[in-house]
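Geometric and topological summary
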Amino acid sequence: QVQLVESGGGLVQPGGSLRLSCAASGSIFSIYTMGWYRQAPGKQRELVAHITSHTTTNYADSVKGRFTISRDNAKNTVYLQMNSLKPEDTAVYYCNAEIRPTPVSTIYIYWGQGTQVTVSS
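In what follows, the accompanying structure is described. On a predicted model such as this, the values are computed, not experimentally measured, just so you know. (Residues numbered from 1 in each chain as written. Predicted model: local features only at pLDDT ≥ 70, side-chain atom pairs only at ≥ 80, totals over all residues. Heavy atoms only, no water.)

Let's talk about the sheet that holds strand 3 (residues 18-26)
- In space, the four strands of this open sheet follow the order 1-3-8-7, with antiparallel pairing throughout. With one partner strand each, in any of the chains shown, strand 1 (2-7) and strand 7 (67-72) form the two edges of the open sheet. With direction set aside, neighbouring strand axes in the sheet form an average angle of 15 degrees.
- Sheet topology places strand 7 next to strand 8 (residues 77-82); six bridges connect them, and they run antiparallel. By the bridge assignment for strand 8, threonine 68 is matched with glutamine 81. (Pairing = 2+ DSSP bridges. Helix = DSSP H or I, 4+ residues; strand = E, 2+ residues; numbered from the N terminus. Axes fitted to C-alpha atoms, helices over the stretch in contact; angles between N-to-C directions.)

Digging into the side chain of asparagine 96
- Within the fold, asparagine 96 resides in strand 9 (residues 91-100).
- Residue contacts for asparagine 96: discarding those within four places in its chain leaves Leu4, Thr33, Met34, Gly35, Tyr37, Ile109, Tyr110 and Trp111. (Contact = heavy atoms within 4.5 Å.)

A closer look at the pattern of salt bridges
- Under the definition given, this model contains four salt bridges.
- Here arginine 38 makes a salt bridge to aspartate 89, at a shortest N to O gap of 2.9 Å. In this pair, arginine 38 is assigned in strand 4 (residues 30-39) and aspartate 89 in the loop between strand 8 and strand 9, connecting sequence segments 51 residues apart. Neither residue differs from the other here; arginine 38 and aspartate 89 are each classed as buried.
- Across the pair aspartate 89 and arginine 66 runs a salt bridge whose closest N-O atoms are separated by 2.7 Å. On the criterion of sequence distance, the pair formed by aspartate 89 in the loop between strand 8 and strand 9 and arginine 66 in the loop between strand 6 (57-59) and strand 7 is long-range, its members being 23 residues apart.
- Residue classification places aspartate 89 among the buried positions, given a relative accessible area of 1%.
- Salt bridges sharing common partners tie together Arg38, Glu46, Arg66 and Asp89. (Salt bridge = Lys/Arg side-chain N within 4 Å of Asp/Glu carboxyl O. Buried < 20%, exposed > 50% of the residue type's maximum accessible area, 1.4 Å probe, protein only.)

What follows is the structure, encoded as structure tokens:
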């Protein structure tokens, strides 16, 4: 009943930029924290960045100064602007969100399907 749809991944050269988007749709009463995770082959999934409903942000040390997370509450969308990309940023990027589907629901964690980001010359 709730779906997160990601877009914006692709192939980019080192030093380049990409902007990822993730839009939530379906039964949504409230959205709380939204975030981005990534997983490279053979590695653990790790938090990249998250943003609260009050727009407080947090970033992994490896992306600080290069990535910016933002959200548009009117569109139920979270973004990840990625600049100065490095080969080690190559991974599948997943968005997630804390969502209360209805006023009488508890809060659930939802995940997007993932989008591939490849940084290579």
